[in-house]
Amino acid sequence: MLYHRDKQEFPSLHRSHAADSTRYRVADTVSAGKGVFVTADVERGGRVMCERPLVVYPQFLPFHRDLPPERAYPELEDALARLPPDRCEAFFRLANSHPQEPSREKGIVDTNALHIGLLPGSTQQYAALCNDISRINHSCSPNAAYRFDLATFSFEVRALFPIPAGCQVFISYIDPALPRVSRQQALSDYGFTCACAYCSLTGPTLEQSDTRRALIARADAGHTTRDAALERWADDPDMSDDYVNRVDKMYMDLFEAEQLYYEPVWEGFATRLCKACCAVEDAEGARRWAGLARALSCAYTGDERGWAAVEAAPERTEGWGRRRKAGE
Ligand SMILES: C[S@@+](CC[C@H](N)C(=O)[O-])C[C@H]1O[C@@H](n2cnc3c(N)ncnc32)[C@H](O)[C@@H]1O
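All values derive from a computational prediction rather than experimental measurement.

Criteria and thresholds
- Residues numbered from 1 in each chain as written.
- Predicted model: local features only at pLDDT ≥ 70, side-chain atom pairs only at ≥ 80, totals over all residues.
- Pairing = 2+ DSSP bridges.
- Helix = DSSP H or I, 4+ residues; strand = E, 2+ residues; numbered from the N terminus.
- Axes fitted to C-alpha atoms, helices over the stretch in contact; angles between N-to-C directions.
- Core = buried A, V, L, I, M, F, W, Y, C linked by C-beta atoms within 7 Å.
- Buried ≥ 20, exposed ≤ 12 C-beta atoms within 10 Å, placed from the backbone.
- Domains from an automatic or database assignment.
- Contact = placed C-beta atoms within 7 Å.
- Nonpolar A, V, L, I, M, F, W, Y, C, P; charged D, E, K, R; others polar.
- Parallel < 35°, antiparallel > 145°, perpendicular 65-115°, else oblique.
- Left-handed = near helix turned anticlockwise from the far one by under 90°.
- Near = placed C-beta within 6 Å.
- Arc of directions from axis to C-beta.

Focus: the sheet that holds strand β4 (residues 47-51)
Whether parallel or antiparallel, the strands of a sheet pair through hydrogen bonds between backbone atoms. The strand order across the open sheet built from three strands is β4-β10-β9, with neighbouring strands paired in antiparallel fashion. Bordering the open sheet on either side are β4 and β9 (144-149), each of which pairs with just one other strand. For this sheet the average axis-to-axis angle between neighbouring strands, irrespective of direction, equals 15 degrees.

Printed below as a string of structure tokens:
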């Protein structure tokens, strides 16, 4: 089954979302077709845009080998046939990086798909296309991330780094923690060679970048051990005050060096760094890490998830002064 945008079907957009179109514009780029640019400064975690999908479809579209190749995706054609004419025209205006694909519809879908995941009542993965969000270009160090919000049935794009007015918005189409050669391979499906700052590196600086990304990709494996180390350290006054911080800070430096706060792993590091600052009553440090965590949580989940309270008053957290108390 395929869905199309229908005002009766979904709750209407939240009021604050309606003003989003004034914060960005779609315009030509130098070498990547169209792109999305912010028209005002956006802070880390801030919303860049919010948009309803043009069309939502099951990610796996069956190929009908009994039909002519240009008509081999009838489910997709049916869904498009049910769209209002202006939506259908918007769909066909989107970029197509697969001109060799006999089905033009499939070429457009493969170029512009945004991942949704499971929808209630279904066991299959869904994807969608948007008029504007599908214009966002790729970077291996994206300054923004998108996610689908079921409550408003819309996509939201938020900033992973501060984006100054006039700058282009980038998301990552692939797993950005892969080494460059694998990233380039994955991006060949989109018909372009990435020339971002990290893909343009050569020699030892490229090796360093690949090594850093390999460490970032594997960082999750150590979280349980490092959490336990933090607990031991917090109650052991014989250990030096920065014992736990050293490893976690090293990872934060890796994220900064690659401009990549990798979604699956960043929060464990920020949490331990903040807790460690609280344990030694370093309010400034705790506020800094909590502020980063608040903004990144907003960027990735749309919710600050309690970090704002920690940022406002770290001295009210449970572990405040834990090392002093352990030494008393
Ligand atoms: C989802 S569309 C993005 C919007 C597209 N630029 C347009 O004009 O509509 C994906 C396509 O944009 C182009 N693209 C995206 N990121 C790029 C980049 N970093 N460098 C060059 N081309 C890029 C590729 O042609 C890719 O297949």
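Let's talk about the nonpolar core
Core analysis: the largest hydrophobic core is formed by 72 residues, its most contacted members being V169 and C274. Both domains that furnish three or more residues to this core are identified here as domain 1 (3-190) and domain 2 (204-327). Ignoring sequence-local partners within four residues, the contact set of V169 consists of Y24, V36, F37, V38, V48, I136, N143, A144, V157 and I163.

Comments concerning the domain arrangement of the chain
Its domain assignment divides the chain into domain 1 (3-190) and domain 2 (204-327). Taking only C-alpha atoms into account, the centre of domain 1 sits 32 Å from that of domain 2. Facing the 16 residues of domain 1 at the interface are 18 residues of domain 2. Mapped by element, the contributors of at least two residues to the side of domain 1 that touches domain 2 are β9 and β10 (154-159). Looking at the side of domain 1 that touches domain 2 residue by residue, the class counts come to eight nonpolar, two polar and six charged.

Description of the packing of helix α6 (residues 203-218) against helix α8 (residues 245-258)
For the pair α6 and α8, the least separation of the axes is 10 Å and the interaxial angle reads 130 degrees. In terms of their interaxial angle, α6 and α8 are classed as oblique. The interaxial crossing formed by α6 with α8 has left-handed handedness. Residues S209, R212, R213, L215 and I216 of α6 pack against L254, F255, A257 and E258 of α8. Grouping the constituent residues of the contact of α6 with α8 by class yields five nonpolar, one polar and three charged.

Topic: the site of the ligand
For the ligand, the set of nearby residues contains 17 residues, the closest of which are A32, G33, A95, S97 and N137. Every element with two or more residues in the shell around the ligand is listed here: β3 (34-38), α4 (104-112) and β8 (137-138). Counted by class, the shell around the ligand contains six nonpolar, nine polar and two charged residues.

Examining the pairing of β9
Direction of pairing for β9 relative to β10: antiparallel, over a ladder of six bridges. Its bridge partner being in β10, A145 is matched across the sheet by R158. The turn joining β9 and β10, which pair antiparallel and follow one another in sequence, is formed by four residues; a positive phi near 50 degrees is taken by F153.

Observations regarding unusual backbone geometry
A positive phi angle, near 50 degrees, is found at F153, a position not held by glycine. Notably, E281 is not glycine yet its phi reads approximately 60 degrees, a positive angle. Structurally, E281 can be placed in the loop between α9 (266-279) and α10 (283-301).

Quick look at the packing of helix α2 (residues 74-81) against α4
Taken N-terminus to C-terminus, the directions of α2 and α4 make an angle of 85 degrees; their axes are 9 Å apart at the nearest point. Classified by the angle their axes make, α2 and α4 are roughly perpendicular. Residue-level contacts link L76, E77 and L80 of α2 to E105, K106 and V109 of α4. Here the contact of α2 with α4 is composed, by residue class, of three nonpolar, no polar and three charged.

Some points on the environment of V109
Here V109 shows up in helix α4. For V109, a count of 26 C-beta atoms within 10 Å gives the class buried. It is 11 Å that separates the C-alpha atoms of V109 and E77, two residues lying 32 residues apart in sequence. Discounting residues that sit within four places of it in the chain, V109 has contacts with L76 and L129.

Considerations on α4
E105, K106, I108, V109, T111 and N112 are the residues of α4 that are buried. Taken together, the buried residues of α4 touch α2, α3 (85-93) and β7 (125-129).

Description of α2
Listed as buried for α2 are L76, A79 and L80. For α2, the buried positions fall inside an angular range of 95 degrees around the axis, keeping them on one side. Away from its buried face, by an angle of more than 90 degrees, α2 presents the exposed residues D78 and A81.

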